[in-house]
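The lines below spell out each chain.
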Amino acid sequence: MVDSVVGTARRADGEERVPVCSPVVTRARSGFLRSVSLRKDAPDVGYPYDLAAVAELHAEPILFGDVTVLVGPNGSGKSTLIEAIAVAAGLNAEGGSSNLRFTTMSTHTELSRHLAMSWNRRPRWGWFLRAETFYGMASHIARDSAVDERGQPLGVAGLFPDLHAQSHGESFLRLIESRFGDAGFYVMDEPESALSFQGQLGLLRFMHEAVAAGSQFVIATHSPVLMRMPGATIYELDDGIAARDYDDLTVVSLWRRFMNAPERILDSLLADDPTEVP
């Protein structure tokens, strides 16, 4: 049986400070989730089992640290894998917790049923935050606004800030601040989609404080900023899955090349007879 995440949220309030980045990637430490692999009876053909990153879980598990980051190009399986981890942990597939559940369209794969989840200890609380379904989740919360005869909230809307009353990025961070507390298990799929550069730095600062309070994060991202979380365990997904140091990531190298010489990249890309991007 797969352990489920249950409990109630607690907010982590701490003095804000910007963490000092370290270039060293550490490996699995003392978080809740220790490792994930494929069960022996898991299929080995068909989607998503034919994705190279998923197939390799037959042989080698993913080992998790306090912050684990999945990195890779489109189609590499980041979101598929992180969704399966969230569902296998008992979290709602479209975002939410074990308690906040809703469905707009059931499109997630059956991969979660074939994951072997190994826990150091079970978290009392968790949340799955995914950028592509955030609006639907906010709308589900807003609609559940029933009150009793005394005006006291009966629905979940009274437990949340008004997520439609702010910008996308502001409401994203507001939800994180209100739902991501200490000693929780938090899964995020491409959170940078809603956030500016400054917003991503704010998320890093919040994660730094939450980890210090006992939380664990698993993130899929294209953002070099979020990948740079101090102490993060980073896995690169492409032709398989492998642990990497930040400076060895393909996406970091590409961003550095572009920022150092954008004209060279753009001249090559936008030429009448374009050549391969250098």
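Cut-off values and rules
Residues numbered from 1 in each chain as written. Predicted model: local features only at pLDDT ≥ 70, side-chain atom pairs only at ≥ 80, totals over all residues. Heavy atoms only, no water. Pairing = 2+ DSSP bridges. Helix = DSSP H or I, 4+ residues; strand = E, 2+ residues; numbered from the N terminus. Axes fitted to C-alpha atoms, helices over the stretch in contact; angles between N-to-C directions. Contact = heavy atoms within 4.5 Å. Parallel < 35°, antiparallel > 145°, perpendicular 65-115°, else oblique. Nonpolar A, V, L, I, M, F, W, Y, C, P; charged D, E, K, R; others polar. Core = buried A, V, L, I, M, F, W, Y, C linked by side-chain atoms within 4.5 Å. Buried < 20%, exposed > 50% of the residue type's maximum accessible area, 1.4 Å probe, protein only.

Q: Is there a simple way to explain the sheet that holds strand β9 (residues 240-244) in this structure?
A: Strand pairing in a sheet relies on backbone hydrogen bonds. The paired strands run either parallel or antiparallel. With respect to topology, six strands assemble into an open sheet ordered β5-β6-β7-β3-β8-β9, the strand pairing being mixed. Edge strands, defined here as strands with exactly one partner in the open sheet, are β5 (126-130) and β9. Across the sheet, the mean angle from the axis of one strand to that of its neighbour is 15 degrees, orientation sign disregarded. Across five bridges, the pairing between β5 and strand β6 (residues 185-189) is parallel. The residue of β6 that forms the bridge with Trp127 is Tyr186.

Q: Please clarify how the sheet that holds strand β2 (residues 62-63) should be interpreted in this entry.
A: Strand order across the open sheet formed by three strands is β2-β1-β4, with antiparallel pairing between neighbours. At either end of the open sheet lies a strand with only one pairing partner, and these are β2 and β4 (115-119). The pairing of strand β1 (residues 33-38) with β2 spans two bridges and is classified as antiparallel. Opposite Val36, over in β2, you have Ile62 as the bridge partner. On the sheet, helix α2 (residues 78-88) packs against β1, β2 and β4 and is oriented at approximately 60 degrees with respect to β4.

Q: Looking at this model, I keep getting lost on the packing of helix α7 (residues 250-260) against helix α8 (residues 262-269). Mind explaining?
A: Angle between the axes and distance between the axes: these two values describe a pair of packed helices. The interhelical angle for the contact between α7 and α8, taken along N-to-C directions, is 100 degrees, at an axis separation of 5 Å. Comparing their axes, α8 and α7 come out roughly perpendicular. Residues Arg257, Phe258, Met259 and Asn260 of α7 form the contact with α8, whose own contacting residues are Pro262, Ile265 and Leu266. For the contact of α7 with α8, the per-class residue count stands at five nonpolar, one polar and one charged.

Q: What is the right way to look at the nonpolar core in this model?
A: Nonpolar side chains in soluble globular proteins generally cluster together in the buried interior. By size, the foremost hydrophobic cluster in this structure holds 33 residues, and its most contacted members are Leu33, Leu81, Ile85, Leu111, Leu115, Met117 and Phe185. Secondary structure elements with two or more residues in this core: β1, α1 (52-55), α2, β4, β6, β7 (216-220) and β8 (233-238). Considering each element in turn, this core owes the most residues, six residues, to α2. Look past the residues within four positions of Leu81 in its chain and what remains in contact with it is Leu57, Ile62, Leu70, Leu111 and Leu237. In terms of nonpolar packing, the next biggest core, distinct from the first, is built from 32 residues, Met207, Ile219, Val225 and Met227 among them.

That's the geometry; what it means functionally is another story.
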